[in-house]
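Read off the chains here:
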Amino acid sequence: MTSVDPLLPLFLGLMSGTSADGIDAALVQFPQDGGCRFVHGHTHPWDPATRETLIALGQGAEPTSMDALGQLDATVGITFAAAANQLLQHAGVQRAQVQAIGSHGQTIRHRPQSNPAFTWQIGDANRIAELTGITTVADFRRRDVAAGGHGAPLMPAFHLAMLGSADEDRAVLNLGGIANLSLIARDGGIRGFDTGPANALLDGWCQRHLGHPYDADGAFAASGRVDEALLARLLAEPWFALPPPKSTGREQFHLDWVAAQLPADALAPADVQATLLELTAATVADALLTQLPGARRLLVCGGGVRNPQLLLRLQARLPGVVIGSSAEHGLDPDYMEAMGFAWLARETLAGRPGNLPSVSGARGPRILGAIHPAG
């Protein structure tokens, strides 16, 4: 925990991603000369039944009823508020010290290619504002979609502000449920897009075959061998060939998608896990080499930063690139996205755009999110 600078306002970010493995809550400050001071973080667990429902909806399941969906929206908001309140308690910070909360919510549908396109994050921000007593900014993605964009990824703007360098081309890789890249050229140019599956498939396969929620240290994958024929079938998925801007989620990449590519002769589960890990490494490396071939540094954040086997395979496919954690540049890899939504809340309150048209494909810069004042 970092001490609070009494001269700087505090912002709180809340994020639950594709993996739905917990709500990350980050308390931060933004010095006037730039950067982000990480004050404290907390990961709040989901109730197992709620998590199961959220994952099913993210993979395309239909809600059992409108009443059930409305109750889930309220429940997610209440849980997000609990995450924020616990963070403040752990940090010893009074809610009056926090200028705003930025809440991502939980994505249950993401359809940027449908007509009309839409994205849907639940987690009633009215509940968050009411239960925390803090102004809450939420619903960040839909304005970008309304402007013709994908509504994702949103973190490249934060990455550019915090990690851009005039000395080298850099890339920031978030290894969450889905992998996404921010490509930051030394001249300030910025692009970003999803590259494909990451922890969502690895965690799901591990849970199914070992009963563990994730593959600790990549040991399950390391115990297997890559099946080149399966890897080729997975890589033949047309989505990988789409040019940026592009985004995806559980609706595209889930275990039923994997099962459809498995051979008639059963593969050892460890070999499938090794192949899924190689799929992530291959799609990330191919995207980086194609879209920013001059990149010499890859800064990694998200849960995948703790998977040494995945980082090893990335390094093997990117021999000329220095790969390291975002922590080396002062940004905690576990709370990067939560910090980013705290930053987006600050931008919204200041009346500044939070999207990047070069990333999302939107028609222009837009102020993102809806503001829910404190009670």
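One can find the structure itself at the top, above this paragraph.
Remember, predicted model here, so these are calculated numbers, not experimental data. (Residues numbered from 1 in each chain as written. Predicted model: local features only at pLDDT ≥ 70, side-chain atom pairs only at ≥ 80, totals over all residues. Heavy atoms only, no water.)

Peer 1: For the overall build of the chain, give the residues involved together with the corresponding values.
Peer 2: For the chain, the count of helices and strands is 13 helices and 13 strands. With the principal axes as the frame, the chain shows a C-alpha extent of 60 × 55 × 40 Å. A total of 375 residues make up the chain; the buried ones form 54% of that total. For the chain, restricting intrachain contacts to residue pairs at least 6 apart in sequence, the fraction spanning at least 24 positions comes to 69%. Summed over all atoms, the accessible surface of the chain reaches about 15,400 Å², with 51% contributed by carbon and sulfur. (Helix = DSSP H or I, 4+ residues; strand = E, 2+ residues; numbered from the N terminus. Buried < 20%, exposed > 50% of the residue type's maximum accessible area, 1.4 Å probe, protein only. Contact = heavy atoms within 4.5 Å. Areas by Shrake-Rupley, 256 points an atom, 1.4 Å probe, with all protein chains shown as cover.)

Peer 1: I'd like a description of the sheet that holds strand E10 (residues 190-197), backed by residues and values.
Peer 2: Here we have 5 strands laid out as an open sheet, ordered E10-E9-E8-E11-E12, and mixed in their pairing. The sheet terminates laterally at E10 and strand E12 (322-325), the two strands that pair on one side only. Neighbour-to-neighbour, the strand axes of this sheet turn through a mean angle of 20°, independent of strand direction. The pairing of strand E8 (residues 170-175) with strand E9 (residues 178-184) spans 6 bridges and is classified as antiparallel. By the bridge assignment, Arg170 is partnered in E9 with Ile184. (Pairing = 2+ DSSP bridges. Axes fitted to C-alpha atoms, helices over the stretch in contact; angles between N-to-C directions.)

Peer 1: Please give an account of the pairing of strand E4 (residues 98-103) that cites residues and values.
Peer 2: Most of E4 is tucked away: 5 of the 6 residues are buried. Sheet topology note: the E4/strand E7 (residues 136-138) ladder contains 3 bridges and is parallel. Considered in E7, the bridge of Ser103 is made with Ala138.

Peer 1: Would you mind going over the environment of Gly302 in detail, with residue names and values included?
Peer 2: Inspection of the secondary structure assignment puts Gly302 in the loop between strand E11 (297-301) and helix H11 (308-317). Relative accessible area serves as the criterion here: at 10%, Gly302 is assigned to the buried category.

Peer 1: If you had to explain the nonpolar core to someone new, which residues and values would you point to?
Peer 2: One recurring pattern in soluble globular proteins: nonpolar side chains tend to sit buried together. Counting residues in hydrophobic clusters, the biggest one holds 43 residues, and the most contacted among them are Leu173, Leu175, Leu181, Trp257, Leu276, Leu288 and Leu298. Broken down by element, this core gets its largest block of residues, 10 residues, from helix H10 (residues 269-291). Ignoring anything within four residues of it in the chain, the contact list for Leu298 reads Ala171, Val172, Leu173, Leu181, Leu288, Leu318, Val321, Val322, Ile323 and Gly324. Counting 33 residues, the second largest nonpolar core, distinct from the first, contains Val28, Ala338, Met339 and Ala345. (Core = buried A, V, L, I, M, F, W, Y, C linked by side-chain atoms within 4.5 Å.)

Peer 1: Could you give an account of the pattern of salt bridges, with specific residues and numbers?
Peer 2: One pass over the structure, following the stated rule, counts 11 salt bridges. Note that Arg346 and Glu347 form a salt bridge whose closest N and O atoms lie 3.3 Å from each other. Here the salt bridges share partners, and the residues they tie into one network are Glu168, Arg170 and Arg297. (Salt bridge = Lys/Arg side-chain N within 4 Å of Asp/Glu carboxyl O.)

Peer 1: Report on helix H5 (residues 155-163), specifying residues and quantitative values.
Peer 2: One turn of the α-helix equals 3.6 residues, which is why residues spaced by three or four share an orientation. A large share of H5 lies buried, amounting to 7 of its 9 residues. Turning to H5, its buried residues number three or more, namely Met155, Pro156, Ala157, Phe158, His159, Met162 and Leu163. Tucked into the core, H5 has its buried residues touching E8, E9, E10, E11, helix H12 (336-349) and helix H13 (357-360).

Peer 1: Account for H12, naming residues and giving values.
Peer 2: End to end, H12 covers 20 Å across 14 residues, agreeing with the expected 20 Å (1.5 Å per residue, within 8%). Extensive coverage of H12 is indicated by the burial of 11 of its 14 residues. Taken as a whole, H12 has its buried residues at Met336, Ala338, Met339, Gly340, Phe341, Ala342, Trp343, Leu344, Ala345, Glu347 and Thr348. Gly351 sits one or two positions beyond H12 and adopts a positive phi of about 75°. (Expected span 1.5 Å × (residues − 1).)

Peer 1: A description of the packing of aromatic side chains should follow, citing residues and the corresponding values.
Peer 2: Across all of its chains, the model carries 9 aromatic pairs by this definition. Between Phe240 and Phe253, the ring centres sit 5.4 Å apart and the planes meet at 25°, which makes this aromatic pair stacked. Taken as a pair, Phe240 in the loop between helix H8 (228-235) and helix H9 (255-261) and Phe253 in the loop between H8 and H9 lie far apart in primary sequence, 13 residues in all. Accessibility assignment for this pair places Phe240 and Phe253 in one class, buried. Site record: aromatic cluster; members linked through ring pairs are Trp239, Phe240, Phe253 and Trp257. Positioned over the ring face of Trp239 is Lys246, at 4.2 Å from the centre of the ring. (Phe/Tyr/Trp six-rings, centres within 6.5 Å; stacked < 30°, edge-to-face > 60°. Lys NZ or Arg CZ within 6 Å of the ring centre and 35° of its normal.)

Peer 1: Please provide a residue-by-residue account of the packing of H8 against H10, values included.
Peer 2: Between H8 and H10, the shortest axis-to-axis distance is 10 Å and the interhelical angle comes to 45°. Relative to H10, the element H8 lies oblique. Both H8 and H10 take part in a crossing whose hand is right-handed. Of the residues in H10, those touching H8 at Leu230, Leu231, Leu234 and Leu235 are Val272, Thr275, Leu276, Glu278, Leu279, Ala282 and Thr283. A breakdown of the residues in the contact of H8 with H10 according to their chemical character gives 8 nonpolar, 2 polar and 1 charged. (Parallel < 35°, antiparallel > 145°, perpendicular 65-115°, else oblique. Left-handed = near helix turned anticlockwise from the far one by under 90°. Nonpolar A, V, L, I, M, F, W, Y, C, P; charged D, E, K, R; others polar.)

Any functional reading would require information that these geometric values do not contain.
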